Amino acid sequence: MDNVPKKLGEAELEIMQVIWDSGLPVTSNYILQKLQGKRKWQLSTLMTSLTRLDTKGFVCCDRSSGNNMYTALIPENEYKAKTSRHFLERLYNNSIQNMIATLYSNKEIKRSDVEELREFLDGIEKEHFDGKS
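Here the residue index of a chain counts from 1 through its sequence in written order. Note on the predicted model: pLDDT of at least 70 is required for a residue's local features to be given, and 80 or more for side-chain atom pairs to be given and counted; whole-chain, interface and lining totals, by contrast, use all residues. Think of the side-chain values as coming from all heavy atoms in the structure, minus any hydrogens and water.

Brief notes about the packing of aromatic side chains
Then comes step 1: Stacked, tilted and edge-to-face pairs are distinguished by plane angle, under 30 degrees for stacked and over 60 for edge-to-face with tilted covering the rest, among Phe, Tyr and Trp rings (Trp via its six-membered ring) whose centres lie within 6.5 Å. Tallying each qualifying case throughout the model produces 3 aromatic pairs.
Then comes step 2: Taken together, a centroid distance of 6.0 Å and an interplanar angle of 35 degrees make the contact between W20 and Y79 tilted. A residue pair is termed long-range when its members are at least 10 positions apart, and W20 in helix α1 (residues 10–22) and Y79 in helix α4 (residues 76–92) qualify at 59 residues. One exposure class covers both W20 and Y79, and it is buried.
Then comes step 3: Relative to Y79, the ring of F58 lies with its centre 5.5 Å away and its plane at 75 degrees, an arrangement referred to as edge-to-face. Pair noted here: F58 is in the loop between α3 (43–56) and β1 (59–62) and Y79 is in helix α4, with a separation of 21 residues, a long-range link. You'll find F58 and Y79 in the same group, each marked buried.
Then comes step 4: Put simply, the rings of W20, F58 and Y79 touch in pairs and so form one group of aromatic residues. Put simply, DSSP H or I for four residues or longer makes a helix, DSSP E for two residues or longer makes a strand, and each gets a number counted from the N terminus. Partly exposed describes any residue whose relative accessible area lies between the buried limit of under 20% and the exposed limit of over 50%, with all areas from a 1.4 Å probe on protein chains only and scaled to the type maximum.

Here we look at the layout of surface pockets
Then comes step 1: Only protein atoms enter the calculation, which uses a 1 Å grid: trapped sets of points that fit a 1.4 Å probe without letting it out are cavities, open sets showing protein on both sides within 12 Å along at least five of seven lines are pockets, and any residue with an atom within 4 Å of a point is a lining residue. Grid points are joined across faces, edges and corners, and a volume is the space filled by probe spheres set on the points. Taken as a whole, the second largest pocket holds about 230 Å³ of empty space.
Then comes step 2: Taken together, the elements giving at least two residues each to the lining of the second largest pocket come down to α4 and α5 (96–105).
Then comes step 3: Ranked by the residues each element gives to the lining of the second largest pocket, the list is headed by α4, at 5 residues.
Then comes step 4: Residue classes in the lining of the second largest pocket are distributed as 7 nonpolar, 1 polar and 1 charged. For this classification, Asp, Glu, Lys and Arg are treated as charged, while Ala, Val, Leu, Ile, Met, Phe, Trp, Tyr, Cys and Pro are nonpolar and the rest, including Gly, are polar.

So, the nonpolar core
Then comes step 1: Joining through side-chain atoms within 4.5 Å is the link that ties buried Ala, Val, Leu, Ile, Met, Phe, Trp, Tyr and Cys residues into a set, and such a set is a nonpolar core. If you look at the biggest cluster of nonpolar residues, it comprises 21 residues, and the most contacted ones within it are I15, M16, I19, I31, L50, L53 and F58.
Then comes step 2: Mapped onto this core, the elements with two or more residues apiece are α1, α2 (28–34), α3 and β1.
Then comes step 3: Among the elements that take part in this core, α1 stands out by supplying 6 residues, more than any other.
Then comes step 4: Apart from the residues within four sequence positions on either side, I15 is in contact with I31, L35, W41, L46, S49, L50 and L53. Throughout, a contact is declared for two residues whenever any of their heavy atoms are within 4.5 Å.

Let's talk about α1
One turn of an α-helix holds 3.6 residues; hence residues three or four places apart share an orientation.
Then comes step 1: Expected span, for any helix, means 1.5 Å times one less than how many residues it has. Its 13 residues place the ends of α1 19 Å apart at the C-alpha level, agreeing with the 18 Å of an ideal helix rising 1.5 Å per residue.
Then comes step 2: For α1, the set of buried residues is A11, E12, E14, I15, M16, V18, I19, W20 and S22.
Then comes step 3: Those residues of α1 that are buried are in contact with α2, α3, β1, β2 (69–72) and α4.
Then comes step 4: Just past α1, the residue G23 takes up positive phi, approximately 75 degrees.

Examining the side chain of S49
Then comes step 1: Along the chain, S49 turns up in helix α3.
Then comes step 2: Residue S49 is classed as buried on the basis of its relative accessible area, which comes to 6%.
Then comes step 3: Contact partners of S49, with chain neighbours within four places excluded, come to I15 and W41.

In structure tokens form, the structure reads like this:
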């Protein structure tokens, strides 16, 4: 996935999240059950979305067992990393600092969020430099 990934719609992302979370091939009925409370879908609606995800290259469908078993073709972290990078480039001129400053100045994140981020970054830095001489 070197290029910008195809975009997932909100409903498609919810379906992919179910598949990613399972870690195993899943049936459409499993997905439908997991989406209960989030989506009031009929099986036919889900099947349309799964076909779209197959066409986009996000899932593959194995029909060999008699049940359609859906497996993610794109790992969750890979999709999120590429999508986040594209988002950062488009909206914040590829600057995480600009993004955080915008969110903070518009009160979309709190001081506690900034502290949590600082601790996270300190942890990454410590892990990175403690392993080096």
